[in-house]
Amino acid sequence: NQRKITWTVKKFQGGTELAFRAKLTLSSVCTAATKKEIGPVSLTFEIPMYNVSNLQVKYLRIAQQHKGYNPYRWVRYVTRSSSYVARI
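Below or above, wherever it landed, is the structure these notes cover. The residue numbers shown here count from 1 along each chain, following its written sequence. For a predicted model such as this one, the threshold for reporting local features is a pLDDT of at least 70, and the threshold for listing and counting side-chain atom pairs is 80 or more; totals across whole chains, interfaces and linings nevertheless cover every residue. Excluded from the side-chain calculation are hydrogens and water; included are all heavy atoms of the structure.

1. Observations regarding unusual backbone geometry
Right, so step 1: In this structure, methionine 49 is a non-glycine residue whose phi angle is positive, near 60 degrees.
Right, so step 2: Counting through the fold element by element, methionine 49 comes out in the loop between strand 2 (46–48) and strand 3 (78–80).
Right, so step 3: With a phi close to 60 degrees, asparagine 54 is a non-glycine residue in the positive phi region.
Right, so step 4: Within the fold, asparagine 54 resides in the loop between strand 2 and strand 3.
Right, so step 5: According to the relative accessible area criterion, asparagine 54 is exposed, its value standing at 63%. Each helix is a run of DSSP H or I of at least 4 residues and each strand a run of E of at least 2, with the numbering of both proceeding from the N terminus. Only protein chains enter the area calculation, which uses a 1.4 Å probe; residues under 20% of their type maximum are buried, those over 50% are exposed, and those in between are partly exposed.

2. Notes on the side chain of threonine 79
Right, so step 1: As for its position among the elements, threonine 79 is in strand 3.
Right, so step 2: Polar side-chain contacts of threonine 79 include one of 2.7 Å to the backbone oxygen of tyrosine 50.
Right, so step 3: Pairs of residues are marked as contacts when any of their non-hydrogen atoms sit within 4.5 Å. Other than its neighbours up to four places away in sequence, threonine 79 contacts Phe45, Glu46, Ile47, Tyr50, Asn51 and Val52. Side-chain atoms alone can form a polar contact between residues adjacent in sequence; in general such a contact is a pair of N or O atoms within 3.5 Å, and within protein one must be able to donate a hydrogen while the other accepts it.

What is shown is where atoms sit, not what they do.
Spelled out as structure tokens, the structure:
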């Protein structure tokens, strides 16, 4: 049983900020056991074509070339979350 909310942003203009706010409404009184069942909220996200660290690949050498492998001449930068948890 996985309870989740998916928020997809098609375009994200540079220099802007987006916020997401969700409200959880329970059908009964919130007790310590209820909070434990809800647990922490974990977030995962991916931002394609964005590099937080400004690390750039200038040169890449392929050590072992295989016959069936033809490398592309571009680098895809992406920012991914690894472990982001918010406690309730």
